[in-house]
Amino acid sequence: MNPGLSFPTGLGLEQLRGATLAEVDAAAALQHRVDRKYLVPLGHARRLLARLADSHHVLDLGGRRTTSYLSTYFDTPELGAWRAHIQKRRRRWKVRTRLYAEDGLCRVEVKTKDGRGATVKHALTVPATAYGSLTDHAARFVDRVLDRAGVPVTAGELTAAAEVRYVRAALADLGHGSRVTLDGALTCHRDDRTAALDPEHVLVETKGGTRPAPADRLLLGMGARPLSLSKYVVGQSLLTPGLPDNDVRRLARTHFTTGPDAAPLPLPFERIRVA
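Residues numbered from 1 in each chain as written. Predicted model: local features only at pLDDT ≥ 70, side-chain atom pairs only at ≥ 80, totals over all residues. Heavy atoms only, no water.

1. Examining the pairing of strand β10 (residues 193-197)
Pairing of strand β9 (residues 179-190) with β10 involves four bridges; the strand directions are antiparallel. What sits directly across from histidine 189, in β10, is threonine 194. Where β9 hands over to β10, the hairpin turn is made up of two residues, of which aspartate 191 adopts a positive phi near 55°. Two strands pair when backbone bridges link them, and β10 and strand β12 (residues 256-260) are joined in this way by five bridges, in the antiparallel orientation. The residue of β12 that forms the bridge with arginine 193 is proline 260. (Pairing = 2+ DSSP bridges. Helix = DSSP H or I, 4+ residues; strand = E, 2+ residues; numbered from the N terminus.)

So this is what it looks like as structure tokens:
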């Protein structure tokens, strides 16, 4: 069975009220936020949604309640972004192109940390055909954002380093502005290798202010604990030979399997090959 199909079915998304993209965007600004991540069994995620049904809406795009994401991450030859995360540097950063597959929408995104440790995300919309590359226009955008954040890296130093794919359901508390995303069918690709998350687990991320949101309190009550888990960092840790062992890799080994890459999927999921 394709885990991308069983993931939303197993969550029980149909019990939540739907919301439009405009409503979700109006409820929660995406620029300045604190993110908390949890890796939980599918059953815990299903219980979480049932408890949030009275206060949260699910993003509904014409009857579709999940979206397939493809993200190509860019890094320096020395894997500067990966190392900044592993070493918990204050000036952590990520550069990626992201394709929202069903919608044909593509963005260049740059994520940094502000002085308070909150995630700051800047995005530039580009044609879907630009997915997996940095055009001149995108490179200038990346340079501006990194320079303002004090990150001594330029777009000219970056090359495609890995691709991450997953299926996401997005929830929002329209009254209080907090958001929750649930990611399943998660795979990381580099060269001819794949790392895949156990289909019976879901990556839950809460996005809100400095104080824990209701979803955080519910997850803590289920025994879940926040963890530092970057999809890109996990992929590099498991798929790139010679990288030093680290806590991320030890965590990932308990929930991810690795193996040869599957046959390329049809467009728009054509494989991005990484040197």
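2. Description of the packing of aromatic side chains
A full pass over the atoms with the stated rule returns three aromatic pairs. Ring geometry for tyrosine 73 and tyrosine 232: centres 5.0 Å apart, planes at 15°, overall stacked. With tyrosine 73 in strand β4 (residues 67-75) and tyrosine 232 in helix α7 (residues 231-239), this pair connects stretches of sequence that are 159 residues apart. Assigned by exposure class, tyrosine 73 and tyrosine 232 land together as buried. (Phe/Tyr/Trp six-rings, centres within 6.5 Å; stacked < 30°, edge-to-face > 60°. Buried < 20%, exposed > 50% of the residue type's maximum accessible area, 1.4 Å probe, protein only.)

3. Considerations on unusual backbone geometry
We note that leucine 79 has phi near 60°; this positive angle belongs to a residue other than glycine. Phi is positive for aspartate 191, close to 55°, though the residue is something other than glycine. Position of aspartate 191 relative to the elements: it lies in the loop between β9 and β10. For aspartate 191, a relative accessible area of 34% translates into the label partly exposed.

4. So, the environment of threonine 125
Residue position: threonine 125 is located in strand β7 (residues 119-126). With 13 residues separating them along the chain, threonine 125 and alanine 138 place their C-alpha atoms 9.1 Å apart.

5. Some details on helix α3 (residues 42-52)
For α3, the set of buried residues is Leu42, Ala45, Leu48, Leu49 and Leu52. The buried residues of α3 occupy one face: seen down the axis, they fall within an arc of 115°. (Arc of directions from axis to C-beta.)

6. Describing the confidence of the model for the chain
Low-confidence regions, as indicated by low pLDDT, have predicted coordinates that should not be scrutinised in detail. For the chain, the average pLDDT comes to 86, and 89% of its residues sit at 70 or higher. Predicted confidence is poor over residues 1-5, with pLDDT under 50, and the contacts of this stretch with residues over four places away or in other chains come to five contacts. (pLDDT = per-residue confidence, 0-100. Contact = heavy atoms within 4.5 Å.)

7. Some words on the pattern of salt bridges
On inspection of all chains with the given rule, the structure shows eleven salt bridges. With a closest N to O distance of 3.8 Å, glutamate 109 and arginine 98 form a salt bridge. Within this pair, whereas glutamate 109 is found in strand β6 (residues 105-113), its partner arginine 98 is found in strand β5 (residues 93-100), the two being separated by eleven residues in sequence. One network of salt bridges, in which partners are shared, links Arg96, Arg98, Arg107 and Glu109. (Salt bridge = Lys/Arg side-chain N within 4 Å of Asp/Glu carboxyl O.)

8. Describing the packing of α3 against helix α6 (residues 214-221)
Between α3 and α6, whose axes approach to 10 Å, the crossing angle comes to 135°. The orientation of α3 with respect to α6, classified from their angle, is oblique. The crossing of α3 and α6 is right-handed. For the pair formed by α3 and α6, the contact residues are Leu48, Arg51 and Leu52 on the first element and Ala215, Leu218 and Leu219 on the second. When the residues that make up the contact of α3 with α6 are grouped by side-chain class, the tally is five nonpolar, no polar and one charged. (Axes fitted to C-alpha atoms, helices over the stretch in contact; angles between N-to-C directions. Parallel < 35°, antiparallel > 145°, perpendicular 65-115°, else oblique. Left-handed = near helix turned anticlockwise from the far one by under 90°. Nonpolar A, V, L, I, M, F, W, Y, C, P; charged D, E, K, R; others polar.)

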